[in-house]
Structure formats: structure tokens, C-alpha cells
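# Observations on the three-dimensional arrangement
Okay, here's what each chain looks like letter by letter:
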Amino acid sequence: QEKIGKEELLVLPGEVGRAGGRLVVSLRGEPKTLNPLIAADARSREVIGVMQADLVHINRATQQTEPALAKSWKISPDGLSYTIVLRRGLKFSDGQPLDADDVLFTFRVYLDENVHAPQRDLLMVGGKPITVRKVDEHTVVFQLAKTYGVGERLFDGLAILPRHLLEKRYEEGKLGQIGSLATAADQWAGLGPFRLKEYVAGQRLVLERNPYYWKSDAQGGRLPYLDELVFLFVPNADAQVLKFQSGETDMISQVGAENFSVLSKQQHGYTMVDAGPGLEYNFLFFNLNDSIEKTSPDIQRKQKWFREVNFRQAVSAAVDREAIVRLVYQGRGAALWGLVAPGNRRWGNEKLPHPARSLDRARTLLKEAGFSWSNGPDGGSTLLDSDGKSVEFSILTSSTNADRAKMAALIQDDLKQLGMRVQVVPLESRSLLDRVTQSRDYDACIMGIASYDADANSDISVWLSSGGLHLWSPSQAHPATSWEAEIDRLIEEQMSARTFEQRKKLYDRAQEILAENQPMIFLASPNILAGAKNSIGNFHPAVLEPYVLWNVEQLYLKNGMENATR
Amino acid sequence: MRYLLRRLSHALFLLAGVSILAFLFTALAPGTYFDEMRLNPQIAPETVTALRAQYGFDKPLPVRYASWLRSVIHGEMGFSFAYNGPVAPLLLVRARNTLLLTITATLLAWGIALPLGVWSADRLGRLPDRLLSWATAGLLVIPDLAVALGLLVLAVRSGWFPTGGMASVDFETLSPFNKLRDLALHMILPVTALVLSSLPLLVRHVRAAVADVLNAPFLLAAVGHGIRKRTLLYRYALPAAANPLISLFGFSIGVLLSGSLLIEVVMSWPGLGPLLLEAVLARDLYVVVGGILGSTLFLVGGNLLADLLLYWADPRIRTESGAR
Amino acid sequence: MASVLEIQNLQVSYRSREGILSSALAGVSFDLMPGEIIGVLGESGSGKSTLAVSLVRLLPRNGEIIRGAVHFEGQDLLRATPDELQQIRGRCISLIFQEPSLALHPTLRAGEQVRQVLAAHSAPGKSALNERTRQVFAQLFPEDADRISRSYPHQLSGGQRQRVLIAQAIACGPSVVIADEPTASLDSATQMELLAVFRTLRERMGLAMIFITHNPALLSGFADRVLVLYGGQVVECGPAATVLASPRHPYTKALFQSIPAIFEERGSGRKTKLPVILGDSARSSLPRGGCPFEPRCTERMSVCREREPSLVNLSASHEVSCFKYES
Amino acid sequence: MRFRVSSMKVEASAGSQNMPPLLKVENLVKCYARRSLVGRGEELLALNGVSFTVFPGTTLAVVGESGSGKSTLASCLACLESPTAGNIWFEGKDIVKVEERVRRQLRPQIQLIFQDPASSLNPRWSVLEILLEPLILRRKFTREEMKQCASSLLERVGLSPDFVERPPTELSGGQRQRLAIARALALQPKLLILDEALSALDCSVQAQIANLLRELQSSLGMTYLFITHDLAMAVYLADEIAVMSRGRIVELGSAEQILDQPQHETTRQLLRALPRMTRALPAPEQ
Amino acid sequence: MRVRRTFAKWLVVLGVLHGMVVCAGFFAPYDPVEQDRQSPYLPPMRLHLLDAHGHLHVRPFVYALRLRESSFDQFEEDTTEPHPVKFFLRGARYRLLGFLPLRMHFFGGENTRIYLLGTDAYGRDQFSRLLFGGQVSLFAGLLGAGVTLFIGWSIGAVAGYYGGWRDSLLMRVAELFLALPWLYLLFALRAFLPLAVSPLEAFFLITAVLGAVGWARPARLVRGVVLSAKERDFVRAARGFGASNGYLLRRHILPETSSVLLTQAAILIPQYVLAEMTLSFLGLGVPEPVPSWGNLLSGLQQYSVLVSYWWMYLPALAMVPFFLGYLGLASSFEERGAVYKIESRIWGM
Ligand SMILES: Nc1ncnc2c1ncn2[C@@H]1O[C@H](COP(=O)(O)OP(=O)(O)OP(=O)(O)O)[C@@H](O)[C@H]1O
Ligand SMILES: Nc1ncnc2c1ncn2[C@@H]1O[C@H](COP(=O)(O)OP(=O)(O)OP(=O)(O)O)[C@@H](O)[C@H]1O
Ligand SMILES: [Mg+2]
Ligand SMILES: [Mg+2]
């Protein structure tokens, strides 16, 4: 007890709320586990997010890092070692104290190859795992093999695990088997604002206030305010909306634009908030893979067009992004011309051209590239390539995503005006992924990616030609084109650059190259839409995940009398 | 008795066949559970490959089947990748909820369909019958999901019912009576949706079957003996028309586990629906196979029941089977 | 004494699928006294079954009662409401259908079918019902009552089915039984037993019967009166003894002659052809002017073709419709 | 008992010894087992060791009390039921043991007129269709022939051609019966089993059909198994009469023999109960 | 007779309805895939005869719709100028019956587009889509149901008629078919089908497959009926004439199963039309922008559409007459067989 010393609480600024009450939110289906080591799905991560805490945290509102479990940190001049000082006197939610050994244990587990923790890949910098060293009870040093531009953002989301609960299991090699939802409440602990209370299979997960939580409000009141946080499992988006509308849940996030306008129309006792464009970017890309043995002759024939920059630029010029924003997102979105979504305020390149839709420009580009048109009998014209073959291809979309299916239908109509015959093939998401990343048997595809962090590095596997999300031709051994090589170089360089300005410059350049070559034709980015009952205080949806629960410890019920449920 | 034993052995073969084919089909379908991770920029492809290997995806199908069989013998029914645990407990809890819903709905649907069908057969071609025809045709063209959503909208607008789910958040604190009330209140909408979705089929079959026998001379004879109309319709006409209805009833039993999946999803009913649907899309194979086997059991049971009922209800068939 | 059933000028037609009406009964009138047994004879297709079913308004869909009245205890059955009819059918007037295989429910046990009839008209307790059912069966199946009542119709022999029909008809102790060939598929011994049953019922409860049959011999000593139908019309009607012993109408005479004789002219007549009534039997649908039997009549006169004969009283109760007897 | 029957048979058929029998039934047993899914079975011997022989061109009448197994015998002979034990030789072939394929060949030669003709007529068909069915199945006739055959059959059983378009449900009981007879005759079978085929007909039509049967027998050499309750008709039509009781043939002999010297109690009972009518004399005209 | 007349009546009704669908190009005013991006989710226009000033017009006319002030999805009629409905006018090109290139349309507007059933999310004319959609969906529904019933009847009849091991085997196979995870097979099938397969072809292929897979239910229903039908005396009598099994099944037993079959058909056709929604999910349905009834109805599965755009229900309403038509035809067909049977309204006369 002595050693731990006095509690060093983190005092949060901002509106002071009232303690007590219960908050009910819906989750699109069940989380799968409480164990951060195996959590792979968004829902589990969302739940884990409120039960665990990290050393350094990215503030979802400012998109900047700020101290969390770490009271402070220091970066060595060479940028390779991070010295982190832990807050004193902190306890896990079961009352057990936190010390440097927990941190060491945590990182040992994350980095253990046999555990297959998804976090491991993050912690490989320059191809080598980060090493961790304990200095004293409250100080640890992280050693990187290479400078890393993102720096302390690395620690965001890396939950510090309770060694006292896990160590034995870890030794037995059974880490994967613990932390299931059915775990007894006293068998699980974390450093987050809430701890496990009850789980009803298929129905709900009830969390209760962690009395040992290490944050307080400006008046010294201990956070979180809420006594209970209930996650209801509602597997259907529309049902989530209905549940919110009927007052059975208190907050809603990730609302689709159409549902948002339905909800906005009749706001009884709740407020809908449009937080502006988020970090999701939707794009169309063509199959540019060149591993010969995998691609069919038919696709190889089409790839002749796809490889043509002019062709891609023409497609981009023909796409009516304004219509996409209006018809797909009902205006609650932003047209997109580059990879960095407008929600990412620091990293976007303002200089990127935003050409308006122009079929004329598209035709000119195509003509330059040797395409021509023939007039069909029914009045339509057909685009022919230099061999006289008509230009026909298919676009894959995920059938679970109505928005993208709509985009595809619009693009199909746009391209028809260029004389291209496009088929839209909606595929169930696994089949789609299999085609794009494994069999690579497709022509073109519409996809969307949501960056998890506002930092440029979150999209690294999209940028790098060796990356798995370099979708038009993933996991290349060597960059196939000079511009890809150039992007690779810029991105690698920016990773080890130390100042933001340096990185931004390199990153801007990469964006320009991408915009020029259009391997991805960017379409639009939806706004983050959320809503909450008027009785909920400190409701400030962010454009980063978790959109509404990021400040869950500060959320409170304005009127203590009001029960969250009817 | 011998008959039952024979059917039981058939059922075992069937289960084996279904499980093998289910394995085969799932193997044929593109993608595996771990592919989703490929879209996560934080996870390296190598990790995905390692995970696949860990769960035996690099092994040939027969090997996987054998190890699955072993886990079935242990009562685990395989391993859920998503939940990182054995499948059986996952399925059991939810199967209970699903059965609660579907059994109620099935009983109710038959309870409504029988009198309604008989009633409309009795008025064949007259206005009430025509109106019913319109209603059933309308229900047939509106997708089940739309019906379910419509009911939810009704719940929101009226505030009479909870919008889905199986229990209120404070369920645990309620008195036993209120618990029951709460449950009943939550069941109303999904049960209604299920009943509405199966009603057109049942009503139409009942109507057709009864209309068929209402023409039979033995009914005329029964009228001649002064049998009351109710008795006539229910004791005379219905048993004579029971044949196709019994087969249909067998199906109703057969789909107890699998017939409500989509409606459960929309109604947030914590049954097999959300679990299986997610598992199918996520390729959580063993959960799917477990679900399939569960519903196969019901299917077999339902058909067996239907066969027994058929023999019971139609003595002409019975002697036939006795003779051979 | 007042009649229980009074049939006045009953005309029934069937509508063909083309919508053409063809007459099956062309104005039949007679009375049935309480406790009286009227035997109905007639050629196949002459409208006997039609008469039977139209008395309780059970015509098939395409049958229509054109006109006439059937008074039962002062009430016109042809104008009764469905509910009233239901009360009367089976309890006061019951009908034994001609074809047992069609008239029995295929998937209900014989006992159950009789029990339902009983239940429809009385509401005693369950055990009383079963007891009554057992009694009825015991009456008709002296030997095998239990097995028969537990059998399904298809497990019964033709005669057994027919007896089940009779059981249904007499279960509620009706005052009138209309029996359409109730003994056609019974052996002579059982026939006699059945007739005895009917006779007891008549003695005990004043049962009146309309007894349709093809076997005139059955009627002798059993029926009080005999009614002979031809082509939908009553051609002869009179006391059983008189009609059977000395039929007057040419049709009746010819009919009786067709019966093979075994006791009277044994041996000699064995290889001779049986006498038959020549000509086509059922042309009832054709419009006709004269006597319906005229084309086949061996004693036809010129007047026969010109107009229809009407019933002539030979004696107080014996009527014949033939010009021969018109004075 | 069985001994007696077979010895009687030898006696009775001694006259036609030179011809091979058309039908020979030996020790036929039919047991109806009531099988319920749970309870124990209950057995009923509908035929209990029946043996007899029928020679071509003759008529065997079967009489007996109701429920004595006559119809059961008929359906066993017509291959509609498979007997529990015993043999049936038809033209020297054991139709119980023979393959289904061969049996199908044999079937048209043995025709059964059901006791309840109504249920043996498909209510969805018209009279003409029903009548033509056996002819169509033979596939030997042209349309014209079939039409001709149909109308002559109808005429012979005394049905008016008006009926051909009607469904059987719109016929009277007797008309249906005649339709069934006509249909069975269409194939000119070697053996015709008439299960109370005349009981629903009035005397005159009965006589007409009986004459027809006799005529066909003499012209085509048809063989009849005539099941009836009408002893008069049995005597008139049959060469031999078999009396059945409780699944057994209790007496078998020539018609006269049975009539004059009934041996068995059942026979006597049947004869005693026979309704008699003072015969309508060929009325002396007043 | 009455029954004949109802039969004919339903035949005429269905004939007219199908005629409109077959000649969709003529009756539909617009190309079903043509997007009018300025007017997504436009409510149906009303046909007027009386204008805002109370003048009576001979020709029906419509008012253009415009956004209500301070609203982004509420429309009102712009009553300044009536747009008369023109008949037999030139419009979008189409091919009548698939080959006859024409531009003549039954009706349309001159200066404005007329949306009788409103527009969808892309501003496409729902009315035109409904008519064109029927071409695909009705064909698919009829094809699927036909295949299902054919296979189902054959198998059910064989199982019920022969009984014994054949029955056991076939019914176990039926159970197998009912139990198998077809969804996965369809996933797999989609993966094996080349993407370039003409979407319509793929769809019909799958409908046929679905039809073939769905046989188990009708088979069991039919089997039950056959089990009992084969014991009927008239079947036994026909067997006595040397009828072959095939003949008995076809001529005597098939009619006995007609009521079950027709009922199944009446249910299966709409079911298969709707099944297309599931297929679309797998990428096997009718792909955008080709209209089909399935994708017209799929909008109803979204809450926002359900509550905001009531006219999206109209296609469903418009489909009801088709299915009622089938039902009516089926039941009068049945009644035609039952004319011969006795009294159906047994109570009273
Ligand atoms: N399918 C069956 N199952 C059980 N018992 C039956 C079956 N068919 C007939 N029986 C019984 O077998 C006995 C003989 O029946 P069968 O029909 O042969 O009599 P029958 O001599 O034709 O009598 P009837 O003259 O009354 O027609 C009867 O007691 C009857 O109840
Ligand atoms: N449903 C019907 N539709 C049309 N005609 C019918 C119908 N029922 C009977 N008929 C005809 O009406 C006439 C009288 O029939 P009915 O059944 O009354 O005769 P029946 O005297 O009972 O004859 P049978 O002794 O043969 O039973 C017959 O010619 C018959 O064909
Ligand atoms: Mg009759
Ligand atoms: Mg019999």
C-alpha cells in the first residue's frame, strides 16, 4: 500500500455533471469477448473501450494525444525510446493496484507470437517488436528499432491488462479462453470507467461504475457519473433507430442519413447531431493486379483499359460526386477527391484539385487514350477501345452496404453516358473480400475504409504497395509502377520524420500523386450522425470511433429523476 | 416400435449426411472467418494466416470433420471463432429463446388458421372469403421484414409495446408476475410478425383442403342426420381434410428453430436468428453447422410426427402400412 | 288420424351442366300415417332416391325443388329455416342413404359416427351417450357389435356398412324413417332380422317408414302400402297385399314378372330367358306428351300417347294411373 | 371341414373333368390384422381356408351371410388384396406368387364389379371416360371402335346415351351399378366377379342384365363368380352355389342340390328367411 | 355456368394484366432505368380534371411538383400551369416484345414528366419500373414455381404411391434437401459463376435452382395425399383393368392432388418473386438498374422508406391483383373439377 502512494487522479476540464443514473445504448449485435487480446470486431472493441484504459489516449474531440494512465512521457532525442511515468495509486476495477509490472506483462503478452494478439502488428516498428523495460514501480521505457512518426499515438487503445488475473492463464497458454462474456463479474477487471456487472446472452451487457476510476471532474467529483451503462444488443440498424425513437435507448450513433432525417423530423425529447464528415472514405478501384497466373484472360484484356491513367481519370471526371452526396447521403456527406477524408482536419491537402463533373473532359481523356465511340441502334453510343472492343466491366459492391450499392447504381448511370456498359454485382461481404484480396477475379469494386485514427499512419497499409489494403493490387513484393514506388518512398519517409510539418509535406505529395494516378477514384465521405436524449449532458459526438462513448465517463443524466428506460 | 427404431436410425444417417454436406458447402463458400481481419489496417496478413492455421484451416476437410466429430462427442459441437468458445452453450441459450417464440407463434398461427380457413371454405366465393383472399394475397407480397418493421413502427407510434428485445433492462428487479407480464409484452410483436408471415400459407391450405371435402357425399349424409354445423365443420370436414394439413404441421414443427431467424433480427429477439445470421455472414462455421444440425433434428422430428399423425388420422393409410 | 308426412305435388328437377333442367319427380303426392310403412317400388332411375332426399331437402347442388310442399307435423319442410331443419333431420325424420360407401365418413369409426348423431340431438352425459350407442349397435349387430363400432367404414363388409347407416338413422328414435334400399346388400336372414327391428320400432314408438326397395317380396307382410314410381310419377299406389298380389298397372305387372322364380317353376324355367320390360328405361329428360310408360307398354292404347293419365281410384286406397281403368 | 368341402368339390365338378379348371382356389386364408402403433393387434380371419374350383364357361354363385367374407374372397381373386395364405391358380398360374409384371398382364382377364359401385367410379370423370378407360388401357382399339363399343355396352345394360357426358355422381344408384357392369364387360374378361352387382337394380333391369350375362356366357364362354344375396337369382344364373359362413365355404353343390337338400344350417337359415311373394299371376284380364 | 364464368373472368383479368406487363414498353411512359436525379422520392402525381381555378378540363392533367418552402422532402403541387396528359406520344425508345423497336407510348406528359406511382431513390419512374419489373419477376415466379411443383409432385407421388423403401429413401432425401445450408451453396455458386454472366441469365439459372431445391415441401404434401388416394376404390378398379402405375399416377392420382398443388402454386409464385430479394443479397438477383418486383419491394424493408415514402407501398398493392388472379384462377379451376361433386354450401339451400 505504501509503495503505491497517493492516488494521482486525472482531472478533466469541462462541464460538471451529476452522479448517478443509468445510460442505455444499443449495440448492433452482440460483442464477442471482453478480452482485448482476441477482440477482432468493432462491437467488442467498443465495449472493451469503456472497460479498459490505455497509457496515452487520443482525445476524440481534439484528435490530439493526452496523458491517460501515463502521467507523463518523454521521448529521447533520437526518437527511439519513450519513457513513460505511470500515475500512482491507481487500482484496477477489482481493487488491485496497478504498477509497472502490469505494463510489462501487458506488452509481453501483446508481443507474444503465440498469442496472436491483433495488437502485435502495431507494435512492430521497423520490422522489430518494441522492447519494454521497467525502470521502477512507476516508470517504464519503450525502445523502438526505428524512429516512428506517429510516436506516442501508438499507445492509444492498448489496454493495460490486469496481471493478477491473467498471468496464470498466460503461463498455461490459455489466454484466449478467458474473458468471454459469460465471465463472472469478479473474474474480470480493467482500468476503464466501467466494469462488468451482468451479461444476458443475446440481450444485453450491463456494466457498472468502476469505483476506482482514475479521473475526476473539475470539482473533484469522481468519474464516471453514471452508475450503470447498459448495452442492448440490437442486430438491425433500423431497429436501433426505432428503439432510440421509442425512448428505450438514450443515445444513438452511426445513424444512416435517411434514418437521420426521419429522426430529425420529429424530435421529442432528443436531439440529433450532425458531427460533420467522418473518416470513412468510399472509393472505386479497378483491378490492377498483375500476377499473371491469377488473372483470367478476360480480366487481363480489361486491365489494358484499367491501367490507362486517362481511362481512370475519365471515369473520375464522369462520376457525379455531388449526386452521390445528395442522393446517397441526403446531403449529409462530403464529396471526396483524395484519400484523406475532410473529417481529418490536420492531414488533408487543400491544394488537391476538386474538378467538377465534366463528361467533356472525360471524353477528351478517353479519345486521347485511343478510345472511340460507335452509335448503337437504340440511340445509345458504345465506347470502344483501340481494338474495337466495347468497354464493358462489372463493379462489385457489398450487398450489406446499401449506401455503396446506391453509389454503384449512380456511377453505372454516369458511365453509361460515356458509353461504358457497367454491371453492378452486389456480393455478400466475405465473397467480395475473397474476390478482391484472394482470388483477385474482378474488374472493379467499390469499397469504403474508415480510418481509426486521424493520423496519417492509420492508412499505411493502403498507401504502401506491400500493404494488405493497397486494394487495387495488394501485398506487392515490389511496387509495380514508378508512382507506387514513389508513394512508398514518401510514406516510409514520413513515418520516420519527426515533425508534423515534415510529415505533412511528404504526405501531401503522396496525396497528389494518388490524385493524379487515380488508382482509387474517391467518391464521398459520410457525416457522422448521432443523437441523444436531451437529458444527457456532455454529449459531444466525435468523428473518431467511438463516436459517442469516447467521453462516457463524463456523460451524465441532467435530471436525476429521469430513468433511462421507459 | 420397430418402425420408430428404423426412423431413428434413418435420422442418424441423415444427421451425418447433413453435417458432411454442411461441411462441404461451407468449405465451398468463398472466404473464411479470418478474412474480415484483412480489412483491418492494424492487423498484418501474416497474423491472419497464423490464425487460420491455428484453427486448422490449412488442414484438409476430412481432418477438420473428424476433429469436429470429436468435439460433438464431447458435447461441444465445435468451436466458435467469433466467441472463442464451444458452440453448444451458445446455441442452447438462444435455442431456448427461439423456441419460446416459435412455439407460441406456431400454436397461435394454427389456432387462427384452422377456424379462419374453415370459415372461409364454408363461405367459398362469397364476400368474406374474397376479402380473406385479398388479405392473404397482400400478406404474401409484403416481405416479412416489412411486416415486422411495420409492427415496430406501430409500437413506437403507439407506445403500447416495447420495440423488440425480450426483456426490459430492469427485468431482474421485477416481481415474478411482472416478469411474466414483461415477457408477454415483449413477445407480442415478434409473435404477431411470425403469425402474419405463416398465416397466408396455412389459411390457404386449410381453406382448399376443407373446401375439397365440403363437397363430399358423406357430409351431405351427415347433414341429413341433423349434425350441427360446428360439429359438421370441425368433427367431420376437418378430419377428412386433415391429410395435407398434417404434412404442413410437420413443417411447422420442422422450422421451429429456423423459421424465425430474420424476424428475430429485426425484433432484436435474443434467439438463434441474430447469432446464426451473423455466423453465416462471418463464416463462423461451426456455429452454422451446429445451427443446421439443430434444425435438422427438429425437421426430422416434425416429419416423424407428421407421419405418425397421418397414420393415425387416415385409417386407410394405416392398413396399407400394416399390410406391407 | 292425421298424417305425419304429407307430400303434395312434389316436383324436382336436376340442372345439367349446360343449365338445362330435367325433371326427376313430376308431381308426387301422398300421405304417410303414423306407424305406417309405405314401400316404394320403381324402376332404376325413376326418382326414388330423389324423392327420399328431397323430403329432407338434401338434394345435390344441381337439384332444385320446383314446387310442392312437404308437411311434417304441420310445418312445411321446404320452407323451414336451416336451424329448424337441423332440429328435424335425424331426430324426427331420418334418412338411410342408398350408398353406404359414400354416406359414411371415411376416417371416423362407425361407433363415433353413430355417437355424433346421438350427440347432435340430445345432450346427455358422455357415458350415457356411449351406452346408448352400444345399445343401438347391439340391436343391429347381435354378434360383433363391439368390433364393428370400433371399425372404420373401409374395414366393414357391405352389409355391415349398410347396417351402420341404419344405426345412424334409428339412433335418435325418429318418428319417420326414409330408407333408400336399406337391405340391398344384406343376406336374407339379416334382412329378416332388420325388418323385425323396424317392426318393433313401429310397435314401440309408432315409427312410420318410407321403404324404398327393389325387392317386392320384402314388402309382403311388411309394408302397409306400396307406391310404384315410374318416370318420376306415381303410377300405382295401394295396400301392399292388394298391389303385390294383383298389380294393376302394366308396369307393375311387368316388373313382377321379371323376378326369377325358384320355388314355383323350379327346374323347368332355369334355362329360359327372364321376361324383361322392353325398351329404354330412362328417357325421363325428354319432353313427352302422353303416359310415361307408353313406349314400353304392352297394353298401350291410342289415348296413351295423347295425354297423361291421372290417378284413378280402383278402391278406397288403391290408385292407378292408367287409362285402362279410367271409366 | 375342409375335407368335406374338397370332396364335395370333386363330386360337383365331376361333369367337366375333361377341361382344365379356369380358377382353382386352395386353402385361401385372409387375416385382417388390426395394427395400431401402440396397442396389441387384433386379428380377424375373413377367409379361413377356402377352396373351390371353377371351370370355364360356368357360373359359381357365392351366397352367405353378411360379413362372411364374400367380398374379401372377391378382392383376393381380383388381386386387390394379397391373401395371408393359400394359392389361387388362374389358368394354371399362381397369381399370388407371380411377379407384379405378370400379374398386370393377368388382371384384365379377371374383372371385379365392386359391391359399392359408386366408390369405384372416379367422381371427376364423365360416364364416357369411365366406360372407355379399360378400352383405352388395352390400346387395341381405334376411336371409332371404342365409341361403338361404348354405345353398344350402354345399350345392353339399359343406359340411355344421354348420360355419357354426366359425371357418375349425377346418376342414380342403379345407373351407376349398370355403368360398373358395362365397364367390366368392356374387356370381355375370362373371369368376371360380380359382387352383388344386381342388388341395386329393379327386377326388370336385373332380368335384363341376367339375360345379358347368360348370353355372353354362351357366346363368349365367359366364367362368372356371382356373389349375391338373392338366392333366386343365384339359382337362376349359377351352375353351382357355394354357401359361405364366417370365412369358410360350408356348403358347395349344384343349384338344385342346395335348394332341395340344404345340408348346412346356414343354408337352411338363408332359405328359410327368403322373402316370398305370392307370385303375380299373369293376370287374367278382367 | 357460374364456375365457368368465373374461370373465364379470371382468365381475362390475368390476360389483361400480363398483357400490360408483356407490352410494358408501350404502357410505361419512361425508360425504367432512366434516372431523374433532380427528383428522387417524388410522390405520385395526381390526375386532375378540375384545375385550381375550378375550370373543368376535358383531358386529365397533372401539376408539376415542387419542394415546399423550408422543407427538403415535402412536395406540393405547382398549380400555376396544368400539364395535360398526352396519349400515344413519342418518348423513350423500347423494343416491344423484345424485338420491335418503337417510340410510341400509351401516355406521357409534354413539358413535365408524369409519375403515376412516384419515383424511387434515383428519381426513376416507379410505374414504368413496376411494369418492366413484372416481366422478369412473373417469369421467374412462374418458372420457379413450375419447376418446384413438377419435381415435388413427381417425387411425392412416387414416394406415396410405391411406399416402402422408395418412400423412406425419397423422404429422407427431402429432409436432407430441407436441412442443407443452401445459402452457402449459393455463396459458392456465385463464386464459381463468372461475373460476366449476363445478370438476367444468372438470375433465371438461380431461380430454376431454387425451384429445384424447393421441391421437398410440395413433395411431402403430395405424398400424404397420394398415400390415401391410392387406396381409393376407383384407383383399384383401374388397376384391375391392367393400368400401369404411370397411368394411375397421371390420370387418377394427379387430380386428387390438384387442390394441394394449386394452393402451393398460389403461394410459391409470390414467394419466389420475393425470394429474389434474398438472391440480390447474394449478388444473384436482378441487378440494378434492371427493375424487378423484388427490388421494388426491397425498399419496404427500410425503416426510413417505410415511414417517409408511402408510395413505395403502391407496387406491392399493384402486385396483389396478379396473385389474386392466380388464386382465383386456381380456385375456379378446382371448382370446375368439383362441379360434379355434391352441394358445397351444405347448410340450407
Ligand atoms: N380391411 C379390413 N380390415 C378389417 N376387417 C375387414 C376388412 N375388410 C373386411 N373386414 C371384415 O371381414 C369380414 C368379411 O368381410 P367381407 O366384406 O368379405 O364380407 P361380405 O361377405 O362381403 O359381407 P357383405 O355381404 O355384408 O358384403 C367382415 O366381418 C368385415 O368386417
Ligand atoms: N345429381 C344429379 N344430377 C342430374 N341428374 C340426376 C342427379 N341425380 C339423379 N339424377 C337423375 O335423376 C333420375 C332419378 O334419380 P334417382 O336417384 O332418384 O333414381 P332412383 O329411383 O333412386 O334409381 P335407383 O333405383 O337406380 O337408385 C335419374 O335419371 C338420374 O339419372
Ligand atoms: Mg336410388
Ligand atoms: Mg361384401
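Each remark here, short or long, concerns the structure printed above.
Before going into details, it helps to say that this report is about the structure given with it. As the structure is a computational prediction, the values presented were derived from the model and not from experiment.

Our focus in this paragraph is the site of ligand 2. Near ligand 2, the surroundings consist of 23 residues, among which C:K48, C:S49, C:T50, D:S172 and D:G174 are the closest. Near ligand 2, residues from chains C and D are present, making the site a shared one. Between an oxygen atom of ligand 2 and a side-chain N or O atom of C:S44, the distance comes to 2.7 Å. A distance of 3.3 Å separates a nitrogen atom of ligand 2 from a polar atom in the backbone of D:E170. When ligand 2 is considered free in solution it has 630 Å² of accessible area, and contact with the protein chains removes 95% of it. Contributions of two or more residues to the shell around ligand 2 are made by helix 1 (48–55) of chain C together with helix 6 (173–186) of chain D. In terms of residue class, the shell around ligand 2 is built from four nonpolar, 14 polar and five charged.

Turning our attention to the interface of chain C and chain D. Tallying the contact residues gives 72 residues for chain C and 63 residues for chain D. A combined buried area of about 5,500 Å² lies between chain C and chain D, and 50% of that area is made up of carbon and sulfur atoms. At the boundary of chain C with chain D, the tally comes to three salt bridges. Residue C:R161 is joined to D:D116 by a salt bridge in which the shortest nitrogen-to-oxygen separation is 3.3 Å. Linking chain C to chain D there are 14 residue pairs in polar contact (both at pLDDT 80 or more). Secondary structure elements with two or more residues in the side of chain C that touches chain D: helix 3 (100–103), helix 6 (145–150), helix 7 (158–170), helix 8 (188–205), helix 9 (216–219), helix 10 (240–245) and helix 11 (250–257) of chain C. Classifying every residue of the side of chain C that touches chain D gives 25 nonpolar, 25 polar and 22 charged.

All names here are of chain D. Donor atoms from the polypeptide that coordinate the magnesium ion (ligand 4) comprise S71 (OG) and Q115 (OE1), at 1.8 to 2.2 Å from the metal. Here S71 is found in helix 2 (residues 70–77), whereas its partner Q115 is found in the loop between strand 6 (110–113) and helix 4 (127–138), with 44 residues between them in sequence. Judged by relative accessible area, which is 15%, Q115 ranks as buried.

Residue and element names in this part refer to chain C. Within the protein, the atoms that donate to the magnesium ion (ligand 3) are S49 (OG) and Q98 (OE1), at distances of 1.8 to 2.1 Å. A residue pair is termed long-range when its members are at least 10 positions apart, and S49 in helix 1 and Q98 in the loop between strand 6 (93–96) and helix 3 qualify at 49 residues. Since its relative accessible area comes to 22%, S49 is described here as partly exposed. For Q98, a relative accessible area of 14% translates into the label buried.

Before going further, it helps to spend a moment on the interface of chain E and chain B. Listed per partner, the contact involves 64 residues of chain E and 69 residues of chain B. Regarding the contact of chain E and chain B, the summed buried area is about 6,000 Å², with carbon and sulfur atoms giving 72% of it. Applying the counting rule to chain E against chain B returns three salt bridges. The residue E:E175 makes a salt bridge to B:R7 at a minimum N-O spacing of 4.0 Å. Inspection of the region where chain E meets chain B yields nine residue pairs in polar contact (both at pLDDT 80 or more). Put simply, the parts of the chain that give the side of chain E that touches chain B at least two residues each are helix 4 (164–179), helix 5 (182–192), helix 7 (216–229), helix 10 (258–281), helix 12 (303–308) and helix 13 (314–338) of chain E. Broken down by element, the residue count for the side of chain E that touches chain B peaks at eleven residues, all from helix 10 of chain E. Here the residues of the side of chain E that touches chain B are counted per class, giving 40 nonpolar, eleven polar and 13 charged.

Definitions and limits used
Within each chain, residues carry numbers counting from 1 in the order of the written sequence. All chains are assigned letters beginning at A, and all ligands numbers beginning at 1, according to the order in which they are written. Where local features are concerned, this predicted model is filtered to residues with pLDDT of at least 70; where side-chain atom pairs are given and counted, the filter is 80 or more; whole-chain, interface and lining totals use all residues. Only hydrogens and water are removed before side-chain values are computed, so all heavy atoms of the structure are retained for them. Note on definitions. A residue lies near a molecule or strand when any single heavy atom of the residue is within 4 Å of it. Polar contact criterion, stated in full: a pair of N or O atoms within 3.5 Å, where within protein one must be able to donate a hydrogen and the other to accept it, and residues adjacent in sequence count only if both atoms are side-chain atoms. For accessible areas, the Shrake-Rupley method is used with a probe of radius 1.4 Å. Any residue's cover is judged against the shown protein chains and nothing else. Per the convention used, a helix needs a DSSP run of H or I reaching at least four residues, while a strand needs a run of E reaching at least two, with both numbered from the N terminus. Each residue is assigned to one class: nonpolar for Ala, Val, Leu, Ile, Met, Phe, Trp, Tyr, Cys and Pro, charged for Asp, Glu, Lys and Arg, and polar for all the others, Gly among them. Residue contacts follow a heavy-atom distance rule, with two residues in contact if any of their heavy atoms lie within 4.5 Å. Buried area: the accessible area, evaluated with a 1.4 Å probe, that two parts lose upon being put together, summed over both parts. Throughout this description, the term salt bridge denotes a Lys or Arg side-chain nitrogen within 4 Å of a carboxyl oxygen of Asp or Glu. Each metal site is built from N, O and S donor atoms within 2.8 Å (3.2 Å for Na, K and Ca), and since water is not included, such sites may look incomplete. Only protein chains enter the area calculation, which uses a 1.4 Å probe; residues under 20% of their type maximum are buried, those over 50% are exposed, and those in between are partly exposed.

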